[in-house]
Amino acid sequence: MKRWGVIICTLLLLLPVQGCKFKDLDLKLFVVAMGVDLSESDPDKLSVTIKAAVPMGDPKQASEKVLIMTEKANTIAEAVRLMKSRTDKELDFGHCKAVIFGESYAHKDIRQATDWVLRRRDMQLLNYTAVGSPSAKEVLNVQPVTERLPGNSLLQALSMDGTESPFIISPQFTYNLERKAEEIGEDPIMPLIEVKGESELNISKGILFNKKQAVMTLEPDEVRIYNILEGRNLKTSLNFKLEGVKYAYTFLRSSSSYKMKLADASSPNLEYKIKIQAGIEENSSGSPIDSAGLKELSAAAEQQLGEQIEKVLNKIHKTGTDPLGWGLHYRSRHWNSLTAEKEAWEDIYPQLDFKAQVRINIKYTGMIR
Amino acid sequence: MAKDRYFYYLFLINALLNIVNFVPKGLINGRFDGSMASIMVAVPLGLLFTYLFGKVMGKFPSTGVPEIYNQYLPKPLSLPLLLMFAVLWFIAGLITLLAFVEITLRYISMDVEPLTVLVLFLMVVCISMRINTESILYGLEVLLFLNFPIIGYILFKSLLNPQFNWNAVLEIVTHSAHWPSFGGVATATFVFSGYANLAIFNRVLKNVNFKLLWLLGISGFLVLLTSFLIPIGYLGTINVDRHVYPWFSTADVLRTKNFVIERVLFLFYFNYLMLSLASTILHWHISLNMIKGMFASKKRKKPKRSFDWWVIILFSGFTFAAQTANQFKLDQFGQLFLDVRFGGEGILILSVYLAYRRRKQRQA
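Residues numbered from 1 in each chain as written. Chains lettered and ligands numbered in written order. Predicted model: local features only at pLDDT ≥ 70, side-chain atom pairs only at ≥ 80, totals over all residues.

Caption draft 1: The arrangement of the overall build of chain B in detail. In terms of helices and strands, chain B carries 15 helices and 0 strands. Overall, the C-alpha framework of chain B stretches about 65 × 45 × 35 Å when taken along its three principal axes. Of all 364 residues assigned to chain B, the portion counted as buried reaches 50%. The long-range share in chain B, meaning contacts at least 24 apart out of those at least 6 apart in sequence, stands at 86%. (Helix = DSSP H or I, 4+ residues; strand = E, 2+ residues; numbered from the N terminus. Buried ≥ 20, exposed ≤ 12 C-beta atoms within 10 Å, placed from the backbone. Contact = placed C-beta atoms within 7 Å.)

Caption draft 2: Spatial organisation of the overall build of chain A. The helix and strand inventory of chain A stands at 12 helices and 13 strands. Looking at chain A as a whole, 37% of its 369 residues are labelled buried. Within chain A, residue pairs in contact and separated by at least 24 positions form 69% of the contacts whose partners lie at least 6 positions apart.

Caption draft 3: Representation of the interface of chain A and chain B in the model. Listed by partner, the interface residues are 27 residues for chain A and 28 residues for chain B. With 5 residues, the single largest contributor to the side of chain A that touches chain B is helix 8 (residues 174-182) of chain A. Grouping the constituent residues of the side of chain A that touches chain B by class yields 12 nonpolar, 7 polar and 8 charged. (Nonpolar A, V, L, I, M, F, W, Y, C, P; charged D, E, K, R; others polar.)

Caption draft 4: View of the domain arrangement of chain A. Residue and element names in this part refer to chain A. The domains assigned to chain A are domain 1 (24-218) and domain 2 (219-369). Here domain 1 and domain 2 have C-alpha centroids that lie 31 Å from each other. Taken together, the contacts link 20 residues of domain 1 with 26 residues of domain 2. At the level of elements, strand 8 (201-209) and strand 9 (214-218) are the ones that each hand at least two residues to the side of domain 1 that touches domain 2. (Domains from an automatic or database assignment.)

Caption draft 5: Spotlight on the environment of Gly279(A). All names here are of chain A. With respect to the helices and strands, glycine 279 occurs in strand 12 (residues 269-283). Remark: the alpha-carbon pair of glycine 279 and tyrosine 105, spanning 174 residues in sequence, is separated by 43 Å. Among all residues touching glycine 279, those that are not within four sequence positions of it are Tyr249, Thr250, Leu252, Ile362, Lys363, Tyr364, Thr365 and Gly366.

Caption draft 6: Region of interest: the nonpolar core. Ranked by size, the top nonpolar core spans 202 residues in total, and within it Val31(A), Ile100(A), Phe101(A), Val131(A), Ile207(A), Ile13(B) and Phe85(B) carry the most contacts. Examining the composition of this core, we find that 18 residues originate from one element, helix 5 (residues 75-107) of chain B, more than from any other. Counting the residues that make up this core, at least three belong to each of domain 1 (24-218) and domain 2 (219-369) of chain A. When residues no more than four places from it in sequence are discounted, the contact partners of Phe85(B) are Ala199(B), Met290(B), Gly344(B) and Leu348(B). (Core = buried A, V, L, I, M, F, W, Y, C linked by C-beta atoms within 7 Å.)

Caption draft 7: Quick peek at the pairing of strand 5 (residues 98-102) of chain A. Residue and element names in this part refer to chain A. Strand 5 sits mainly inside the fold: 5 of its 5 residues count as buried. Of the two faces of strand 5, both are covered, the one formed by Ala98, Ile100 and Gly102 as well as the one formed by Val99 and Phe101. Relative to strand 5, strand 1 (residues 28-38) is paired through 4 bridges, and the arrangement is parallel. Looking at strand 5, one finds that methionine 34 is bridged to valine 99. Pairing geometry for strand 5 and strand 6 (residues 128-133), over 5 bridges, is parallel. From the neighbouring strand, phenylalanine 101 faces strand 6, where its bridge partner is valine 131. (Pairing = 2+ DSSP bridges.)

Caption draft 8: Layout of unusual backbone geometry. A cis amide bond links Ser133(A) to the next residue, Pro134(A), at an omega of 0°. Position of Pro134(A) relative to the elements: it lies in the loop between strand 6 and helix 6 (136-141). Phi angles above zero are rare outside glycine, and Met160(A) is one such case at about 65°. Its identity as a non-glycine residue notwithstanding, Phe22(B) has a phi of 65°, on the positive side. For Phe22(B), a count of 26 C-beta atoms within 10 Å translates into the label buried.

Caption draft 9: Seen up close, helix 8 (residues 166-173) of chain B. Residues of helix 8 of chain B that are buried: Asn167(B), Ala168(B), Glu171(B) and Ile172(B). Down the axis, helix 8 of chain B shows its buried residues gathered within 145° of arc, on one side only. In this structure, the buried side of helix 8 of chain B is in contact with helix 11 (326-332) of chain A together with helix 3 (35-58) and helix 11 (213-235) of chain B. (Arc of directions from axis to C-beta.)

Caption draft 10: Just the sheet that holds strand 13 (residues 353-364) of chain A, in detail. All names here are of chain A. The strand order 10-11-12-13 describes an open sheet built from 4 strands, whose pairing is mixed. The sheet is open, and its two borders are formed by strand 10 (237-242) and strand 13, each paired with just one other strand. Averaged over all neighbouring strand pairs, the angle between strand axes comes to 40°, with direction disregarded. This element, helix 10 (residues 291-319), spans strand 10, strand 11 (245-261), strand 12 and strand 13 of the sheet and lies at about 150° to strand 13. (Axes fitted to C-alpha atoms, helices over the stretch in contact; angles between N-to-C directions.)

Caption draft 11: Expanded view of the pairing of strand 8 of chain A. All names here are of chain A. Sheet topology places strand 7 (residues 189-195) next to strand 8; 7 bridges connect them, and they run antiparallel. Paired with isoleucine 193 across the bridge in strand 8 is isoleucine 203. In this structure, the hairpin formed by strand 7 and strand 8 is closed by a connection of 5 residues, where glycine 197 is found at a positive phi of approximately 70°. The pairing of strand 8 with strand 9 spans 4 bridges and is classified as antiparallel. Bridging across to strand 9, leucine 208 finds its partner in methionine 216.

Encoded structure:
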């Protein structure tokens, strides 16, 4: 009895040995990024591009090998299946790190692509999303000279692991995108990647979305303001002019918060408070700065930044989108039911008046006075 | 005799396992309709149940529920009760097991046959559930000690992430002013249900003193809040209910630089794999003992050894049959079980109390 039990168990343990169907590494192609465009020939079809890394023996000395494939089909799933018959190796999406939407596709409706990305079980929720201009395909085709691993330069820029530019919108993962696309009172925003020449990408703009499509592009200056408002301790510098002299100051510390003043129902207010500690980085006159001068500079910088911020906020407000989650903020501070909050916010939002209170404390003048 | 700290492990494993047993899902479904209020009600209620059952079982030192029933309740009452509890505990384990098979397929590999995974899980569980009650407790302690730091790390990690949206969490908290629902309370009390395992484990546990009851309350409350609110912080107040397993999606959102693999998901998966199997072993062990209790007569205390194997075959058969259900059925079944279980716990406490009263009458 006992012996039979042991024999049966051993046989059962052998089951998974054949069953896993796991493919060896050299039989796989790892997709690192994918792009979705509208097909030019047929507006109903999508054009899907993948960028895959070809596994090499020694990653240290390997000259990078990249495979880029484009396929047109009605659905992304179909396009991927069509691609599979064009390669000898199995496509693996488990390491895909970026999803790029073509600009024209983003302006139409991105829901089909986001649905596929989230529904597919081997795609991580941590895919960076961005919009590619002129198209996702062309963005993926660019091979920057600094790139050492396939597709890596794109990821390093979007993730801020590498370069930390104030003009790149903080990482927007697929789960952020989906969360904001469904949330009441928050809308998606994505960085815009532009192709510059054959081997250069420029990520300095942003795109605002309503629930399903792109509605407006933010220029680099505006993206920087957005980043100041959205996060803490942004690494950037800003320019201002005082009496014909050009100055630039770097941020040492920054923080932003806002308050909604809704007591007066006819003119609801949203007041941003931005606190910045800064140091002078450049002074076009070259003359030394004294203690009184520093205060003057701070005041001038405050005033000019305040104006810029209000301009950007009003511009965003005009599009009717809510990339900074003011609506969710409103909902999170009111105890009404979901529908009541939603309706109230829909009434309040168009009337919102934005104010920015900036406090800049320029503490240092750099290494020289 | 094991020390009474083991009682708290029974609580802990159940509390941690709520993620697999559809508790977050149930609470998330009612997030705008009184889930927060249900949690507030569930904590004192869960503590009350724990206290009452602990007290009443304390009147029968070193005895399990089957012996109590057989001795003090009439046969027409004790048999259906034992059968009911055997089924309830079996289903508790069954849901954990099936949910985990589905999670494995979804997150690890779709290419593996579901049956293969199920057979492997069943082998582990069925063989281990036969070991004696005390050994299970000792194993449980080691397992929790190994897994608890990892869970702590994941929680820590998830709360410190800048992508965590506190406004979304606050939005749910500001929906607390709502009447609790029966379903919500039943779902939330699952976190405290670990005490019910005392039904069998009372055989080997010393009487529980309830000095640390407040600790159960606080930890249960925190477990409920984290398992309900953290997915909302990441997946949004509206979007969260689209995720089939909200907590596994949440783990997928996290990334770590201090481990061999970047994705916290895998760490989380293996962690919960161990806990789920242990919890299933625990539940089925109790179910097995309840069934044995049904066949115990006054002459022969224990049925033959081969009896276990028939039960294993029965359990496996039901599991294979249940495995054919689709995702929505399993989900509904899991939710339904949470409600039924709540009622079952009430009956358990009442019936043991009844037995206690009858003993007193006899002695008088």
